Amino acid sequence: MEQYKLGEMEQKFADMIWANEPVSSRVLTELCEAEFSWKRTTTYTMLKRLCDRGIFANNSGTVTALMSKAEFGAAQGEQFLKDAFNGSLPQFLAAFTRRKKLTAKEIADIQRLIDNHKEG
């Protein structure tokens, strides 16, 4: 799950990239200095870490996302289901609804998702 798990500062940094991409690495260091009081080396270390995980790319000084924020969130959810519930969405829903009852709107929304994503 490490690939899709971000610490608090990694998440803020990733959000900054998603909000500004494509962004030059120079501009990114300036943004991080202003927002986080980071030195240039800290920004590059964090960027390399997230590039090594396949989330972003730094090509010739231009930083771009290899996966959108929504794609990353979906990957996080899939990894959580795999790790915590052996990949079973029904097991997750059963565990979730033991503690929290679903509203009629939530049930309708889930049913709509199921109907729209049924296999052939």
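Residues numbered from 1 in each chain as written. Predicted model: local features only at pLDDT ≥ 70, side-chain atom pairs only at ≥ 80, totals over all residues. Heavy atoms only, no water.

Caption draft 1: Focus on the packing of aromatic side chains. In this structure the tally under the stated criterion is nine aromatic pairs. With centroids separated by 6.2 Å and ring planes inclined at 90°, the aromatic side chains of Phe80 and Phe92 adopt a geometry described as edge-to-face. Placement of the pair is Phe80 in helix H4 (residues 69-85) and Phe92 in helix H5 (residues 89-99), with a sequence separation of twelve residues. Through a chain of ring-to-ring contacts, three or more aromatic side chains come together here, namely Tyr4, Trp18, Phe56 and Phe72. (Phe/Tyr/Trp six-rings, centres within 6.5 Å; stacked < 30°, edge-to-face > 60°. Helix = DSSP H or I, 4+ residues; strand = E, 2+ residues; numbered from the N terminus.)

Caption draft 2: Geometry of the nonpolar core. Formed by 21 residues in total, the largest nonpolar core has its most connected members in Phe13, Leu28 and Ile55. Breaking this core down by element, the ones donating at least two residues are helix H1 (8-20), helix H2 (25-36), helix H3 (40-52) and H4. When residues of this core are assigned to their parent elements, the largest contribution, five residues, is made by H1. Ignoring sequence-local partners within four residues, the contact set of Phe13 consists of Leu28, Cys32, Phe36, Trp38, Thr43, Met46, Leu47 and Leu50. (Core = buried A, V, L, I, M, F, W, Y, C linked by side-chain atoms within 4.5 Å. Buried < 20%, exposed > 50% of the residue type's maximum accessible area, 1.4 Å probe, protein only. Contact = heavy atoms within 4.5 Å.)

Caption draft 3: Region of the structure containing the pattern of salt bridges. Tallied over the entire structure, the rule returns ten salt bridges. The partner of Arg112 in a salt bridge is Asp109, with the nearest N and O atoms 2.5 Å apart. Linking Arg112 with Asp109, this pair stays in helix H6 (residues 104-116), spanning three residues, or about one helical turn. Each member of the salt-bridge network shares a partner with another, and the members are Glu10, Arg49 and Arg53. (Salt bridge = Lys/Arg side-chain N within 4 Å of Asp/Glu carboxyl O.)

Caption draft 4: Structural context of the environment of Phe72. Considering the arrangement of structural elements, one finds Phe72 in helix H4. Considering only alpha carbons, one finds Phe72 and Lys82, ten residues apart in sequence, at a separation of 15 Å. Here Phe72 is in contact with Gln3, Tyr4, Leu6, Trp18, Ile55 and Met67, once residues within four sequence places are set aside.

Caption draft 5: Inspection of the packing of H1 against H3 at higher detail. Axis separation between H1 and H3 bottoms out at 11 Å; the angle between their running directions is 85°. As far as their axial angle goes, H3 and H1 are roughly perpendicular. Here H1 contributes Met9, Glu10, Phe13, Ala14 and Ile17 to the contact with H3, which in turn contributes Thr43, Met46, Leu47, Arg49 and Leu50. Per-class residue counts for the contact of H1 with H3 are seven nonpolar, one polar and two charged. (Axes fitted to C-alpha atoms, helices over the stretch in contact; angles between N-to-C directions. Parallel < 35°, antiparallel > 145°, perpendicular 65-115°, else oblique. Nonpolar A, V, L, I, M, F, W, Y, C, P; charged D, E, K, R; others polar.)

Caption draft 6: Focus on H3. The terminal C-alpha atoms of H3 lie 18 Å apart, and with 13 residues this matches the ideal 18 Å at 1.5 Å per residue to within 8%. Those residues of H3 lying buried are Thr43, Met46, Leu47 and Leu50. For H3, the arc enclosing every buried residue in end-on projection is 100°, short of the 170-degree limit, so these residues lie on one face. Turned more than 90 degrees from where H3 packs its buried face, Lys48 and Asp52 sit exposed. Among the structural elements, H1, H2, strand S2 (56-59) and strand S3 (62-65) are those in contact with the buried residues of H3. (Expected span 1.5 Å × (residues − 1). Arc of directions from axis to C-beta.)

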